[in-house]
Amino acid sequence: GGRPRADFTVFADVPHGEKIKGTVKSVQKFGAFVEVEVEGQVAQGLVHVSEMSDDYVDDPFSVVSEGQEVEVSIKDVDVGAGKMALSMKSGSEESFDDE
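These numbers come from a predicted model, not from an experiment. (Residues numbered from 1 in each chain as written. Predicted model: local features only at pLDDT ≥ 70, side-chain atom pairs only at ≥ 80, totals over all residues. Heavy atoms only, no water.)

S.K.: What is the right way to read the nonpolar core from this model?
M.R.: The tendency in soluble globular proteins is for nonpolar side chains to be buried side by side. Core analysis: the biggest nonpolar cluster contains 24 residues, and Phe11, Val34, Val36, Val64, Val72, Met84 and Leu86 have the highest contact counts within it. Those elements that place two or more of their residues in this core are α1 (9-12), β1 (19-28), β2 (31-38), β3 (41-48), β4 (69-78) and β5 (83-87). In terms of residue count, the dominant contributor to this core is β2 (4 residues). Setting aside anything within four residues of it in sequence, one finds Val72 in contact with Glu18, Lys19, Ile20, Val34, Val36, Val47, Leu86, Ser87 and Met88. (Core = buried A, V, L, I, M, F, W, Y, C linked by side-chain atoms within 4.5 Å. Buried < 20%, exposed > 50% of the residue type's maximum accessible area, 1.4 Å probe, protein only. Helix = DSSP H or I, 4+ residues; strand = E, 2+ residues; numbered from the N terminus. Contact = heavy atoms within 4.5 Å.)

Below is the structure:
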């Protein structure tokens, strides 16, 4: 059951590095799940602990809390699996593995 799954193609179409607003839905020791909306499609993505800040993060709970509004960029979208990786980094310095 639950809601129909979001169409992840709209998230895949968001320009790389563009910031979108999201809401933290849950915080885990490995990162935070953030709900974002693009063109009416709502879905959650994971901000991995390594993507939560430009600095090293030891404890995600010290960075965000449930219900908090955050700005994220979409790092990676798996349309088939309905999964999305998000980043809260400033994005000023590009990582080396960017295609």
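After that view of the structure, there is still more to cover.
S.K.: Please explain the sheet that holds β2 as it appears in this structure.
M.R.: One closed barrel accounts for 5 strands, arranged β1-β2-β3-β5-β4; its pairing is mixed. When strand polarity is set aside, the average angle formed by the axes of neighbouring strands in this sheet is 50°. Taken together, the 5 bridges between β4 and β5 define a ladder with antiparallel strand orientation. Across the sheet, the residue bridging to Ser73 is Ser87, located in β5. (Pairing = 2+ DSSP bridges. Axes fitted to C-alpha atoms, helices over the stretch in contact; angles between N-to-C directions.)

S.K.: In this structure, what is going on with the pattern of salt bridges? I would like to understand it.
M.R.: Where side chains of opposite charge bring their charged atoms close, a pairing between them can arise. For the structure shown, the criterion picks out 3 salt bridges. A salt bridge links Glu35 to Lys25, with the shortest nitrogen-to-oxygen separation between them at 3.9 Å. One end of the pair, Glu35, is in strand β2; the other, Lys25, is in strand β1, and 10 residues separate them in sequence. Under the relative-accessibility criterion, Glu35 is labelled partly exposed at 21%. For Lys25, a relative accessible area of 36% puts it in the partly exposed group. (Salt bridge = Lys/Arg side-chain N within 4 Å of Asp/Glu carboxyl O.)

S.K.: I keep staring at the packing of aromatic side chains and nothing clicks. Help me out?
M.R.: To describe a pair of aromatic rings, one takes the distance between the centres and the angle between the planes. Applying the stated criterion across every chain, the model contains 2 aromatic pairs. Taken together, a centroid distance of 5.5 Å and an interplanar angle of 50° make the contact between Phe8 and Phe11 tilted. Accessibility assignment for this pair places Phe8 and Phe11 in one class, buried. Between Phe30 and Phe33 the ring centres are 6.1 Å apart and the planes differ by 90°, which places this aromatic pair in the edge-to-face class. The exposure class assigned to Phe30 is partly exposed, which follows from its relative accessible area of 36%. A relative accessible area of 26% places Phe33 in the partly exposed class. (Phe/Tyr/Trp six-rings, centres within 6.5 Å; stacked < 30°, edge-to-face > 60°.)

The quantities given are spatial measurements derived from coordinates; they are silent on function.
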